[in-house]
Amino acid sequence: MSEAKPKAVVLLSGGLDSATVLAIARAQGFEPCAITFRYGQRHAIEIEAAHRIAASQGVERTITVDIDLRPFGGSALTSSLAVPKKNSAEEVAAETGIPVTYVPARNTIFLAYALGWAEALGSSDLFVGVNALDYSGYPDCRPEYVACFERLANLATKAGVEGAGFRVHAPLIDLTKGQIIRRGLELGVDYSLTRSCYDPTPEGVACGHCDSCLLRAKGFAENGLPDPAPTLTV
């Protein structure tokens, strides 16, 4: 009789990074439990994508948490502020400062929910798809942030104080988008199911010019592949 796999809570947004992290958690021998957030984001098409990804990777335990961050505002993803558009990934890399698509404290909020579920499940492991190379400069995507949240998790919970402690896994933290996609392809991730655009059409077609679209296109180009998700051609 085989031993039960240890559970891991995986933040699954529906984008390519979180789909890759889900596959990595499975490959490392965990039973992934996927948590997705409906937080008032304009790109809510990702929620449907997250459900498709979870099903494609055989995830049996999934939850979607409703938290409305729109009353806070402060971000183009949760308000009427326009999503900035650019023409190349080089423009994204050249931008200084934190862009208006940053959602105040989003990863801290998400990880706090994931931590609570993990403690209830008896899981010691959280997986998050943050990346500090091909990204938009968000402060809650940096290695020092991940390390600090892990310390918080072990200070602020019964399981952290009395148990084996929590680990926050960020396996993409030092990879380029091209490397992330390459790793996902090795693990059989179907990227046609993923959606990453910050400003998609109501039908879910990507705009092609937001930071997320441009960085995603760069990653597929580095692998000699077109993006398999639908994107506007104008």
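Right above here is the structure, for reference.
Okay, so let's go over this structure. (Residues numbered from 1 in each chain as written. Predicted model: local features only at pLDDT ≥ 70, side-chain atom pairs only at ≥ 80, totals over all residues. Heavy atoms only, no water.)

Topic: the pattern of salt bridges
Here is step 1: The full count for this structure, using the stated rule, is 13 salt bridges.
Here is step 2: Two residues, D66 and R38, come together in a salt bridge whose shortest N-O distance is 2.7 Å. Here the residue D66 occupies a position in strand β3 (residues 61-66), and R38 occupies one in strand β2 (residues 31-38), the gap between them amounting to 28 residues.
Here is step 3: Classification of D66 as exposed rests on a relative accessible area of 52%.
Here is step 4: For R38, a relative accessible area of 35% translates into the label partly exposed.
Here is step 5: For the salt bridge of E162 with K158, the shortest nitrogen-to-oxygen distance reads 3.0 Å. Taken as a pair, E162 and K158 lie in helix α6 (residues 158-162) at a separation of four residues, close to a single helical turn.
Here is step 6: The class of E162 is exposed, set by a relative accessible area of 60%.
Here is step 7: Judged by its relative accessible area of 58%, K158 falls in the exposed class.
Here is step 8: The network of salt bridges with common partners includes R42, K85 and D199. (Salt bridge = Lys/Arg side-chain N within 4 Å of Asp/Glu carboxyl O. Helix = DSSP H or I, 4+ residues; strand = E, 2+ residues; numbered from the N terminus. Buried < 20%, exposed > 50% of the residue type's maximum accessible area, 1.4 Å probe, protein only.)

Description of helix α2 (residues 45-56)
Here is step 1: Across its twelve residues, α2 extends 17 Å between first and last C-alpha, which sits within 8% of the 16 Å expected from 1.5 Å per residue.
Here is step 2: Within α2, burial applies to I45, E46, I47, A49, A50, I53 and A54.
Here is step 3: Buried residues belonging to α2 abut α1 (16-27), β2 and β3.
Here is step 4: G58 lies just past α2 and shows a positive phi near 70 degrees. (Expected span 1.5 Å × (residues − 1). Contact = heavy atoms within 4.5 Å.)

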